[in-house]
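As a plain string of letters, each chain reads:
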Number of protein chains: 2
Amino acid sequence: MREQYHEQLAEISENLVEMTQMVGDAMGRSTRALLEADLQAAESVIASDIDIDERADALEVLTLDVIALQAPVAGDLRALVGALRISTTLERMGDLAEHIAQSARRRYPDVAVPEELHETIREMGDLAVRLVHETGEIIKTVDVAHALRLEVEDDRMDELHRQMFMKILAPDWSHGVESAIDATLISRFYERFADHSVSVARRVVHQATGMRPQTMEHD
Amino acid sequence: MREQYHEQLAEISENLVEMTQMVGDAMGRSTRALLEADLQAAESVIASDIDIDERADALEVLTLDVIALQAPVAGDLRALVGALRISTTLERMGDLAEHIAQSARRRYPDVAVPEELHETIREMGDLAVRLVHETGEIIKTVDVAHALRLEVEDDRMDELHRQMFMKILAPDWSHGVESAIDATLISRFYERFADHSVSVARRVVHQATGMRPQTMEHD
């Protein structure tokens, strides 16, 4: 019984790690779709979002089974319910990647964002993918120092998000209101994605150690 | 033991209903803050968001206690985990109300959105508050027909959201890019709020009956 229980806990954790990979892949493809008006990439993100949702559903069934059958102690119970929340957050991150793919598709065959924003968006896209992969690592290792570094890396995302606003609101913006709105929402999707990624890492560390990585203080 | 258990389940449900009231009140005040440049209303929403967050935290503690101590059967376990998700969603709705209040505060003493959008925003605000209050009713009554009506009412929100875009993107928009971006985000906050409200109602009904209100079909 205990052995099976530990296998199930490991399986839940592995599923979460795989979800970070699925979500990271989706985000990478969305950024390519966006910057290169790559319709096929956009369609593939939109079509595969259901795989992420199904994975989250399967994880919920598994986790509820474990809770019902194994009657976990308080700490484990908290971690199991935490796993459900993490999976919900990862599912939302998949939705954000999908929103970006939808923007790319809506403007096809045009490129949805003007050239002058590409560099910033490319960096946002790369950073988003890196953050979620690191979050996957943290789910595996529960490395507190790594989670702390993630918070610092996320600061760069906030900076890029501000940079986007400055470009969009600059007096020489020449691409009109619709394009400004698209770029604003897209920038927000990257920023939210990164934020969710950090919040997952924070939750993992908090559950395992009782420490909050922002401050390294106990509750 | 069973009696205590049923009392605890009722307490969880009551807490969710109270959270819908808190969130609805916040949204009502945010809309007033926005349309009347009412700084006090904006500040009060921002300050009281922590009450909503604390209520969600308290509910989590209570729910985990019930799961750990009462070892609920599968159906009840699903409903209890569902209650945690509902509380997370309500917390997010509180955040959306807060975002609107922040927009109002940022532009104070100016009104954050131009006059020509006020009527649409007022309707969005009223509808958002009504939807979340109805969701509270549905948590109490688990009325499937009511949940169905909610989906229809939410269609009106989507229509208002589209209406906002049409006004912002019309050739005679004369308020500049920044104002267009503010209005877009604000409109999105109302639309997301309504969407979350419907998803809560849907989850309540689904958990209680196994039916999905969109289609009224079993899984």
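Cut-off values and rules
Throughout, residues of each chain are indexed from 1 in the direction in which the sequence is written. As a convention, the first chain written is A and the first ligand written is 1, with the rest following in written order. Only residues with pLDDT of 70 or above have their local features reported here, since the model is predicted, and side-chain atom pairs are shown and tallied only from 80 upward, although totals for entire chains, interfaces and linings are computed over all residues. Calculated side-chain values reflect all of the structure's heavy atoms, with hydrogen atoms and water omitted. Put simply, DSSP H or I for four residues or longer makes a helix, DSSP E for two residues or longer makes a strand, and each gets a number counted from the N terminus. It is over C-alpha atoms that the radius of gyration is taken, and the globule rule equals 2.2 Å times the number of residues to the power 0.38. Each residue gets one of three labels from its accessible area relative to the maximum for its type: buried under 20%, exposed over 50%, partly exposed in between, using a 1.4 Å probe on protein chains only. Only the stretch in contact is used when a helix axis is fitted, and all axes are lines through C-alpha atoms; the angle between N-to-C directions ranges over 0 to 180 degrees. Oblique is the label for any angle not under 35 degrees, not over 145, and not in the 65 to 115 range, which are roughly parallel, roughly antiparallel and roughly perpendicular in turn. Each crossing gets its hand from how the near helix is turned against the far one by less than a right angle, where anticlockwise is left-handed and clockwise is right-handed. By definition, residues are in contact when any of their heavy atoms lie within 4.5 Å. Asp, Glu, Lys and Arg are counted as charged, while Ala, Val, Leu, Ile, Met, Phe, Trp, Tyr, Cys and Pro are counted as nonpolar; the rest, among them Gly, fall into the polar class. Only residues with pLDDT of at least 70 in both copies count here: their C-alpha atoms drive the least-squares fit that superposes the copies. Salt bridges, as used here, are contacts in which a Lys or Arg side-chain nitrogen is within 4 Å of a carboxyl oxygen on Asp or Glu. In this description, a nonpolar core means a group of buried Ala, Val, Leu, Ile, Met, Phe, Trp, Tyr and Cys residues linked to one another through side-chain atoms lying within 4.5 Å. Between the first and last residue of a helix there are one fewer steps than residues, each counted as 1.5 Å, and that sum is the expected span. Each polar contact in these results corresponds to two N or O atoms within 3.5 Å; when the atoms are within protein, one needs to be able to donate a hydrogen and the other to accept it, and residues that are neighboring in sequence are counted only if both atoms are side-chain atoms. Buried surface area refers to the total accessible area, computed with a probe of radius 1.4 Å, that the two partners give up upon joining, counted for both partners together.

Participant: Lay out the overall build of chain A with the relevant residues and their values.
Facilitator: Helix and strand content of chain A: six helices and two strands. Reading the secondary structure of chain A in the N-to-C direction produces α-α-α-α-α-α-β-β. For 219 residues, the compact-globule estimate of 2.2 N^0.38 gives 17 Å, and chain A sits close to it at 19 Å. Projected onto its principal axes, the C-alpha positions of chain A cover 65 × 40 × 20 Å. Within chain A, the proportion of its 219 residues that are buried is 51%.

Participant: An account of the packing of helix α4 (residues 118-141) of chain B against helix α6 (residues 176-209) of chain B is needed here, citing residue identities and associated values.
Facilitator: All names here are of chain B. The contact between α4 and α6 brings their axes to 9 Å, and the two run at 15 degrees. By the angle class used here, α4 and α6 are roughly parallel. The handedness of the crossing between α4 and α6 is left-handed. Note on element contacts: α6 touches α4 through S187, Y190, F193, A194, S197, V200, A201, V204 and V205, opposite I121, M124, G125, A128, L131, V132, T135, I138 and I139. Partitioning the contact of α4 with α6 into residue classes produces 14 nonpolar, four polar and no charged.

Participant: Run through the relation of the copies chain B and chain A, naming residues and quoting values.
Facilitator: Mapping between the two copies of the chain is achieved by a rotation about an axis and a shift along the axis. Under the fitted operation, chain B is carried onto chain A by 0.0 Å of movement along the axis and a turn of 180 degrees, and the coordinates agree to an RMSD of 0.0 Å. Classification of the inter-copy transformation places it as that of a two-fold axis. Mapped onto chain A, 100% of the interface residues of chain B again fall at the interface, so both copies present the same surface.

Participant: An account of the environment of Q163 of chain A is requested, with residue identities and associated values reported.
Facilitator: Residue and element names in this part refer to chain A. With respect to the secondary-structure elements, Q163 resides in helix α5 (residues 144-169). A sequence separation of 24 residues divides Q163 from S187, and the C-alpha atoms of the two residues are 9.7 Å apart. Once residues lying within four places of it in the same chain are set aside, the contact partners of Q163 are T120 and R156.

Participant: Pulling in residues and values, what's your account of the pattern of salt bridges?
Facilitator: The full count for this structure, using the stated rule, is 22 salt bridges over all chains. A salt bridge links E18 of chain B to R55 of chain B; its shortest N-O distance comes to 2.5 Å. You can see E18 of chain B sitting in helix α1 (residues 2-36) and its partner R55 of chain B sitting in helix α2 (residues 39-70), a full 37 residues away along the chain. Taken together, the shared-partner salt bridges connect E123, R156 and E159 of chain A into one network.

Participant: Requested: an account of the environment of Y108 of chain B, with residues and values cited.
Facilitator: Residues and elements named next belong to chain B. Relative to the helices and strands, Y108 resides in the loop between α3 (74-107) and α4. A relative accessible area of 40% means that Y108 is categorised as partly exposed. Considering only alpha carbons, one finds Y108 and A201, 93 residues apart in sequence, at a separation of 35 Å. With residues up to four places along the chain from it excluded, the contact list for Y108 reads A37 and L39.

Participant: Any chance you could break down the nonpolar core for me, citing the residues and the numbers?
Facilitator: The biggest cluster of nonpolar side chains holds 138 residues, and the ones touching the most others in it are L34 and Y190 of chain A together with L34 and Y190 of chain B. If sequence neighbours within four positions are ignored, Y190 of chain B has contacts with M27, T31, L34, I100, I121, M124, G125, A128 and M157 of chain B.

Participant: Lay out helix α5 (residues 144-169) of chain B in plain terms, naming residues and giving numbers.
Facilitator: Residues and elements named next belong to chain B. Helix length check: α5 (26 residues) gives 38 Å between terminal C-alpha atoms against 38 Å at 1.5 Å per residue, within 8%. Of the residues making up α5, those classed as buried are V144, H146, A147, L150, E151, E153, D154, M157, L160, H161, M164 and I168. The N-terminus of α5 is capped by D143, whose side-chain oxygen sits 3.0 Å from the backbone nitrogen of A145.

Participant: Can you lay out unusual backbone geometry for me, pointing to particular residues and giving the numbers?
Facilitator: Residue and element names in this part refer to chain A. Look at the link from Y108 to P109: it is a cis peptide, with omega at 5 degrees. With phi around 45 degrees, A37 is a residue other than glycine that occupies positive phi space. Mapped onto the fold, A37 is located in the loop between α1 (2-36) and α2 (39-70). With a relative accessible area of 14%, A37 lands in the buried category.

Participant: Please provide a residue-by-residue account of the environment of R156 of chain A, values included.
Facilitator: Residues and elements named next belong to chain A. Its place among the elements puts R156 in helix α5. Judged by its relative accessible area of 28%, R156 is partly exposed. Along the chain, R156 and M124 lie 32 residues apart, while their C-alpha atoms are 8.8 Å from each other. Discounting chain neighbours no more than four positions away, the residues touching R156 are E123, L127 and Q163. Here the side chain of R156 touches E123 through a polar contact of 2.6 Å, side chain to side chain.

Participant: Account for the interface of chain B and chain A, with residues named and values stated.
Facilitator: Each partner contributes residues to the interface: chain B has 25 residues there, and chain A has 25 residues. Of the roughly 2,400 Å² buried at the junction of chain B and chain A (both faces included), carbon and sulfur atoms supply 67%. Its salt-bridge partner being E60 of chain B, residue R85 of chain A comes within 2.9 Å of it at the nearest N-O pair. Run the count over chain B and chain A and you get six residue pairs in polar contact (both at pLDDT 80 or more). When contributions to the side of chain B that touches chain A are tallied by element, the ones reaching two or more residues are α2, α3, α5 and α6 of chain B. Among the elements that make up the side of chain B that touches chain A, the one with the highest residue count is α6 of chain B (nine residues). A breakdown of the residues in the side of chain B that touches chain A according to their chemical character gives 15 nonpolar, four polar and six charged.

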